[in-house]
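Residue-level listing of the chains:
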Amino acid sequence: MQSTPLPKNTVLGRFFEPPGIGKMSPGGKVIVYGVLFSWSAFVLFPLYWVVVTSLKLPIDVNAGPVYLPWVDFTPNLHAWRELLVTGLGKTMKPYFNSIVIALLSTSLCALIGSMAAYALVRIEYKPKFGTILLFVLAMVAMAMAVGVAGVDWRLAAAVAGAIFVLLARTLGRRFKRSVANGDILFWMISQRILPPVVTIIPVYMMFQNLRMLDTHAALILSYTVVNLPIVIWLMYDFFAAVPIELEESAQLDGASRLTIFFEIVLPLARAGLAATTLLVLILAWNEYVLALFLSTSKAQTMPILVAAMNAGEKGVLWWTMCVVIIIMIIPVILMALVLQRFIAKGVLTGAVKG
Amino acid sequence: MPSVFSEWLDRQSRHLFIMPAVIMILVFSIFPLIASAILALSRVRLRAGGYKVTFVGFANFKKQIFGSEQFHFLGTFGSISLLAWAFTIAVGALLIWWLLRYLRGPVWWLGLIGRLIAAAVLFGIAFMFAATLLSGTQIGTLGVTLFYVFVGCTAQFAIGLGLAVVCAQPIRGRTFFRVVFFLPLMITPIGIGYAFRMLADTTKGPFAPLWQMVGLGDYAWVTSPWAARFFIIVADSWQWIPFIFVVLLAALENVPRDMVEAGHVDGASHSQIFREITWPQIAPVAATVILIRVIEAFKLVDLPNIMTAGGPGIATESMTLHAFFAWRAPDLGQSAAISYLLLFVTVVLCVSFFNLVILKHRSAQG
Amino acid sequence: MKIVTKSVLTALFGAVALTGATAVAQAQKMYEGIEINLLTRPGPVIAGRLEERGKEFEAMTGAKINVASVPFADLFQKLLTDWATGTNSIDVGVFASGWAVELADGDLLADLSDFVANDPDLDLDDIAPYFREFNQKINGKTLLITIDGDFQMLYYRTDVLDELGLKPPKTWDEYLEVAAAAHGKDMNGDGVKDFGSCMFKKRNAQSFYAIMSIAAPFVQTQGTSQGIFFNIETMKPMVNNEAWAAALAFFKESGKYGPPEELNHDIGDTRALVTSGRCALMLDWGDIGPLSIDETTSKIKDLVGASILPGSTKVLDWESGKLVPCDAKRCPHAIDGVNHAPFAAFGGWSGAINAKADPKVIEAAYKFLSYMSQAAQSNYDVTQGWTGYNPYRISQFETIEPWVEAGFSRESAENYLGAIGDSLNSPNMASDMRIPGTQRYQGIILDRELARFLAGEVTAEQALENIEAGWEEITEEFGRDGQLSMYKSSLGITN
């Protein structure tokens, strides 16, 4: 495992070897900062272009590229005015909806998802295959009753539930095969595979039956369900990294599982939780297809406003679209700044090994 | 706290923790799954105030694989070149060797079936590539999607990992870089599509003078299939590398610092430390992030739709875009069939990845 | 005295009461308390005017109009889903009339024939014959009310053509000649070479409307009832012939004189090029006229002329599939030997009402749509570019004053309106496809094969064969007889 470091008295040696532990060599610094700055340029240029376009008049956009405000063209706030002054009501409503829906669905998702992820790490589940099959069949029967025969969903749910409970004790036990944690995990992530375009009409009809169309609750529930697999999968690895000795010692002290989870495990995994929360917030904030169909006017969210800027045969209104894109980023940046502190904190500096 | 209740709660905790998630996902996913499966097997028309669904069996699937949409889905089959035959035979041999190796050990019937299906699908895909790409004809949406997924995700993972490693170093302005690198993911995908459409425009876009200087002023990337696909991967990478970056960064931050410092003290070089200490710690998270990214990549639709509308011709059309166009027609049955084909391919690839990489790693870890 | 006072007082009291009652009766408006939910594309285009006129309507009748909007690309899906699944949260849809056929096929639209028959204010005779007979009616029933007329015209730069000493092209061959002559000149004074011809060729955008505009004069000569898509006896597609081959060849050839990125340009991009002065020739709907006089977007004020779409001197012999020269019998509607067939692409934004809405709501909604369409309102709206409404009433292109007031110079107004008049008055106006499955025929098959042809993935022959095969497959799936009868009725053939 020993390597031969470069001799320190050569130029190359001095350039590429670190002066001390935890520090970088000069050569390393050049490479590292070079990479950082070039990637930053790659990231920031499109954003710069978006900001600059929001200040342009239509004629400035269409004639050819102009780069610098006040140098190449006169910046004009017409697009900003249109969205934030004259059309403030029309912009604020989706903005408010987006914030509420994204925050609520993300919090719900993070809570339910991390609990489930923790359970899948520490507890071994062995639900019988038969019971699962029976449950699925009961749901299918209920869905068919509501969809095809037009039975009221509450009645169908009650009947299906009763049948399931009755049969579970007898038929369910017949099949000995059981399903393991890995299978449960895979089933969850497989929910994300089907593209939303194919499930959107059935989902629409589901919510129509529940009379929840164009409500905030419908979108909050949908986003929570859709993003749960991601939370569970990501948090699984972060929870698995928490040393089990900590939990075992707490258990010996008599703490309940809930206490262990909320007071010991979760704080230790907060870097992962922060990253996951941020990701899920972004996914909910930017989601388009479900928002388009499950909302018409009352619960409309921001991505629809972006799409509305493509005015079909009247052209894309690049200037106003850029304004919408910019105002959409602001809350997310704020959340990212808040959460990134948690991601940055290092963990476990010898709590157990020491 | 009443101890009896808290004790009961603790005993129920194994259900309490997982049931909300399971029930929510189960309830919300069953009906759409079944409904869309029914749609895939039917012909849907609008009649007399509602949708009329007529069962047609596998007709929609047959149309995609063997029928009039074959060129669209699989590609145009030309005369198969020698190179293509060689490639196909090589892949076939590899798959047979893999199956035989499994048969030598303990065999479980479900595992064997799974492996056979995976081998069949992989062989089918290899043959499709051989008969279209390697024979000089055009690939269909299945091939394009696989291109986006494999080439795109590999590049994204490599770059994301590199950035995370670099950002985990002691550098000045970490917060600045972390937030900046994370920005692209925050922008709504539709916005990114339009922004990159603007950027890549050779007449109105900011790089227009650059192209003209280099002499490419009259070249339009939208007329060349591979250039168009490349641009879409560039836009896709710009958007999704932050995802990989942030998760891997969190994982790297989780690596106990004392282990790394011990490695430095022992005199190991950076690459050795990475290989022996850091990588094993972050490998599970890396595998998870790859799996999630791959699943999302299969669903790529906004970028090709906005940037090129699937053009030139059908060169950049992904399977989800193919399904979307059908859905708009509205040809709901065909759209569902294409989505289920996508589901099938994704599941086969992901299950293989999951079983052969993730589970093996987890069982090795103990 | 007291009795007299009493009776006078009673009389007075009665009179006051009676007046009061009448006043109260008048103050209570006809549709008080009715709410109409309208869905359309985002404003200010189309939706903006609906909102403003909606408020006027509310002041007049008490009915409240709620205008909601959904991105253009998803408007049809949203309407279809709302009405087909029985949600019925939307009462009125204002959308492209071409989409109405699918909705009508599912019996989702309210029949407005009786309303229209009893509504003299609508002034049906003022609506151009094409829009009155073919746009508003499906299967003989009036299901739509037109508020915007969409058909394509040719636009050209008057200054560029004058400099070259060329006349606006009358045939597609002349178009290529003019484009070739103008290509490479600097047309907007910025020192950069500009383009002879700008056309939208992007897939899944409007390129298939362009190809139909180009093919129409090759295919249709006997008037709107001939149609350009199918054989009227057998429902066989009329695309695999020399006429469409010529159209495809032209479409590809025009790319030589256009921007290099043309394959990725949709109409927004093309319009941007035109208004910034970079094109000599262009196809478009009526919007270029009003857009050109807006100085915040346009560099070509009063520099653009319009004319009826170029036609052809050679037309299709429907029996043999070959192109033959025009003569008096073959081309009865020819102008100077050239057969023109202005194509009513897209149909025009029109309003339709949910069949399952409350009868009172249907009545109020009809009155609103009628109000929008009446000359008193519409004639002003079509002169304002930002509304997105283009002319469709005869009175709109016969009176020049409103246009001059809006900012046109007299000369360009006359030229613009003249072109509109030529197109709308043409007895050979070509109708867009209006049968069930139109979006599959056009959007999936035609659009895709056109894109593949332009990208060089297939040859013209292969493309036409694929279109024919694809269309036949759809016809078979929907049922040939049903499609044939719908097609015939969409062309006004009743036998």
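Residues numbered from 1 in each chain as written. Chains lettered and ligands numbered in written order. Predicted model: local features only at pLDDT ≥ 70, side-chain atom pairs only at ≥ 80, totals over all residues.

Chemist: Any chance you could explain the overall build of chain C here in plain terms?
Modeler: In terms of regular secondary structure, chain C is built from 20 helices and 15 strands. Against the globule reference of 23 Å for 495 residues, chain C gives a C-alpha radius of gyration of 25 Å, in line with a compact fold. Along the first, second and third principal axes, the C-alpha atoms of chain C reach 105 × 55 × 40 Å. Looking at the 495 residues of chain C, the share that counts as buried comes to 57%. (Helix = DSSP H or I, 4+ residues; strand = E, 2+ residues; numbered from the N terminus. Rg over C-alpha atoms; globule rule 2.2 N^0.38 Å. Buried ≥ 20, exposed ≤ 12 C-beta atoms within 10 Å, placed from the backbone.)

Chemist: I tried to follow the nonpolar core on my own but got confused; where do I start?
Modeler: Side chains of nonpolar character tend, in soluble globular proteins, to be buried together. In terms of nonpolar packing, the biggest core is built from 372 residues, with V247 and L248 of chain B together with A215 of chain C touching the most fellow members. For V247 of chain B, the residues in contact, after removing those within four places along its chain, are L234 and A275 of chain A together with V285 and V289 of chain B. (Core = buried A, V, L, I, M, F, W, Y, C linked by C-beta atoms within 7 Å. Contact = placed C-beta atoms within 7 Å.)

Chemist: What is the right way to look at helix α10 (residues 242–253) of chain C in this model?
Modeler: Counting along an α-helix, one turn takes 3.6 residues, and residues three or four places apart therefore face a common direction. Residue and element names in this part refer to chain C. Compared with the 16 Å implied by 1.5 Å per residue over 12 residues, the 16 Å span of α10 between its first and last C-alpha is a close match. Taken as a whole, α10 has its buried residues at A243, W244, A246, A247, L248 and F251. Close packing links the buried residues of α10 with α9 (207–219), β11 (314–316), β12 (323–325), α18 (438–454) and α19 (460–478). (Expected span 1.5 Å × (residues − 1).)

Chemist: Got a minute to help me understand helix α20 (residues 480–490) of chain C in this structure?
Modeler: Residues and elements named next belong to chain C. When α20 is considered as a whole, its buried residues turn out to be Q483, M486, Y487 and S490. All buried residues of α20 fall inside an arc of 100 degrees around its axis, so they share one side. Immediately beyond the C-terminal end of α20, within one or two residues, lies G492, with a positive phi of roughly 80 degrees. (Arc of directions from axis to C-beta.)

Chemist: Which parts of the structure should I look at to understand the pairing of strand β3 (residues 92–96) of chain C?
Modeler: Looking along a regular strand, one sees the side chains alternate between the two faces of the sheet. All names here are of chain C. Within β3, 5 of the 5 residues are buried, which leaves the element mostly enclosed by the surrounding structure. In the sheet, strand β1 (residues 35–40) pairs with β3 via 2 bridges, with the strands oriented parallel. Directly across from L39, in β3, lies its bridge partner G93. Pairing geometry for β3 and strand β14 (residues 349–353), over 5 bridges, is antiparallel. What sits directly across from F95, in β14, is S350. (Pairing = 2+ DSSP bridges.)

Chemist: Help me out: how do you make sense of the sheet that holds strand β9 (residues 279–284) of chain C in this one?
Modeler: Sheet strands associate in pairs through backbone hydrogen bonding, adopting either a parallel or an antiparallel arrangement. All names here are of chain C. Reading across the sheet, the 4 strands line up as β8-β9-β7-β10 and stay open at both edges, with mixed pairing between neighbours. In this open sheet, the two edge strands, each paired with only one partner strand, are β8 (195–198) and β10 (304–307). Across this sheet, the average inter-strand angle for adjacent strands is 15 degrees, counted without regard to direction. Where strand β7 (residues 153–157) meets β10, 4 bridges bridge the pair, whose relative direction is antiparallel. In the strand pairing of β10, L154 is matched with S307. Of the strands in this sheet, β8 and β9 touch helix α8 (residues 172–182), which is tilted by about 145 degrees from β9. (Axes fitted to C-alpha atoms, helices over the stretch in contact; angles between N-to-C directions.)

Chemist: Explain the interface of chain B and chain A here, please?
Modeler: Where interface size is quoted, it is often the accessible area lost as the parts come together. Residue-level contacts link 89 residues of chain B with 94 residues of chain A. When residues in the side of chain B that touches chain A are grouped by element, the largest group, 19 residues, is from helix α1 (residues 3–40) of chain B. In terms of residue class, the side of chain B that touches chain A is built from 60 nonpolar, 19 polar and 10 charged. (Nonpolar A, V, L, I, M, F, W, Y, C, P; charged D, E, K, R; others polar.)

Chemist: Quick question: what am I supposed to make of the domain arrangement of chain B here?
Modeler: Residues and elements named next belong to chain B. Domain annotation of chain B identifies domain 1 (77–136) and domain 2 (138–365). Taken over C-alpha atoms, the centre of domain 1 sits 26 Å from the centre of domain 2. Across the contact, 9 residues belong to domain 1 and 9 residues belong to domain 2. Within the side of domain 1 that touches domain 2, the residues separate by chemical class into 7 nonpolar, 2 polar and no charged. (Domains from an automatic or database assignment.)

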